[in-house]
Amino acid sequence: MRLLILGAGYSARHFVKMYGTEFSWIGGTTRSPEKMEELRSKGVQPILFDGQTASDELLEAIATATHILVSAAPTDDGDPLLNAARDAVAKAKPTAICYLSTIGVYGDHEGRWVTETAECNPTSKRSKQRLEAEHEWLAFSEETSIPVSILRLAGIYGRGQNALCNLDKGKARRIIKEGQVFNRIHVSDIAGAVQHAFEDNASGIFNVCDDASCPPEDVVEYAARLMGVEPPPAIAFEDADLSPMAISFYGEVKRASNAKLKGALGYKFKFPNYREALDYMWENGWS
């Protein structure tokens, strides 16, 4: 099996770390020549891709890929891979394609539970672009009969990117907004969900989120207890001086259900909630 990654970032690199031995070759695109050596060190053949023009190297990788993992962000023009090499992907007929999206596509549901059939009303530009890219990939799948799974990810955390790190660096904030809840997902469970989607040649949309939708301050307070430190002072949302992007993030309240991922794909979470994940990272390394 040969894996091509579009946008070899945090989640994609973790998938390689956990499941890379399943593939005889792994290639990954990057926009930055400076990141090419880093990808090589992780067992990924780097391929420069500016998001607009598919090089001969990228076209060759597409032609021989059995699996494609798409993590690259869309633009106003749509999905970069489909724009640059739609016909090449269709001709290659990979066994399965997995597209990493976001639960942000649902927008605000005032704290109600959302499943994959819930109405999508994204508010941020990034989430609107992701939803449009989802539509493009699902249409591509229908036209070509190539299995495409859409994984809608909750807030991503893991080693080097978590509440323990933020507390250690003095960057943690305990912002209080009445009624606010978020879902999260440990990067290991993203990798596991991708692997299940590939193994099942899955098609369709799946929420990839934990079982513990909760206020964001709960996570900070739990991490502080583990570290034996005082949590940062509480800050009212109205006084938090947030960026426009963060304000829009706090403006969406929903509880995402992972029942379909567990049922249809039979996925069992390594970290079903943030407490188990933080406990593990505190004992085994979190930075």
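The structure displayed is predicted, hence computed values, not measured ones.

Caption draft 1: Layout of the pairing of strand S2 (residues 25–30). Counting buried positions over the six residues of S2 gives five, a clear majority of the element. Here strand S1 (residues 2–6) runs beside S2; their pairing, made up of four bridges, is parallel. The residue of S2 that forms the bridge with Ile5 is Gly28. Assessed by its sense of winding, the connection that carries the chain from S1 through helix H1 (residues 10–19) to S2 is right-handed. Sheet topology note: the S2/strand S3 (residues 45–48) ladder contains four bridges and is parallel. Its bridge partner being in S3, Gly27 is matched across the sheet by Gln45. Read as a crossover between parallel neighbours, the route from S2 over helix H2 (residues 36–41) to S3 is right-handed.

Caption draft 2: Here's a closer look at the packing of aromatic side chains. For the coordinates displayed, the defined rule picks out 13 aromatic pairs. Centroid distance Phe237 to Tyr250: 5.5 Å. Interplanar angle 35°. Geometry classified as tilted. One end of the pair, Phe237, is in the loop between strand S12 (234–236) and helix H9 (244–250); the other, Tyr250, is in helix H9, and 13 residues separate them in sequence. On the basis of relative accessible area, Phe237 is assigned to the buried category, the value being 18%. Tyr250 gets classed as buried once you look at its relative accessible area, which sits at 9%. A connected cluster of aromatic rings, assembled from ring pairs, spans Phe15, Tyr19, Phe23 and Phe198.

Caption draft 3: Main features of the packing of helix H3 (residues 56–64) against helix H4 (residues 80–92). Where H3 contacts H4, the axes come no closer than 8 Å and their chain directions differ by 40°. With respect to their mutual orientation, H3 and H4 come out oblique. Relative to H4, H3 is oriented so that their crossing is right-handed. Packed against H3, whose contacting residues are Leu59, Ile62 and Ala63, the element H4 presents Leu81, Ala85, Ala88, Val89 and Ala92 at the interface. Among the residues forming the contact of H3 with H4, the class breakdown is eight nonpolar, no polar and no charged.

Caption draft 4: Geometry of the environment of Ile175. If you trace the backbone, Ile175 turns up in strand S9 (residues 174–176). Judged by its relative accessible area of 6%, Ile175 falls in the buried class. Along the chain, Ile175 and Ile26 lie 149 residues apart, while their C-alpha atoms are 41 Å from each other. With near-sequence residues (within four places) excluded, Ile175 lies in contact with Pro216, Glu217, Ile235, Phe237, Ala240, Leu242 and Tyr250.

Basis of the calculations
- Residues numbered from 1 in each chain as written.
- Predicted model: local features only at pLDDT ≥ 70, side-chain atom pairs only at ≥ 80, totals over all residues.
- Heavy atoms only, no water.
- Buried < 20%, exposed > 50% of the residue type's maximum accessible area, 1.4 Å probe, protein only.
- Helix = DSSP H or I, 4+ residues; strand = E, 2+ residues; numbered from the N terminus.
- Pairing = 2+ DSSP bridges.
- Right-handed = clockwise from strand over helix to strand, strands pointing away.
- Phe/Tyr/Trp six-rings, centres within 6.5 Å; stacked < 30°, edge-to-face > 60°.
- Axes fitted to C-alpha atoms, helices over the stretch in contact; angles between N-to-C directions.
- Parallel < 35°, antiparallel > 145°, perpendicular 65-115°, else oblique.
- Left-handed = near helix turned anticlockwise from the far one by under 90°.
- Contact = heavy atoms within 4.5 Å.
- Nonpolar A, V, L, I, M, F, W, Y, C, P; charged D, E, K, R; others polar.

These values are about where atoms sit, not about what they do.
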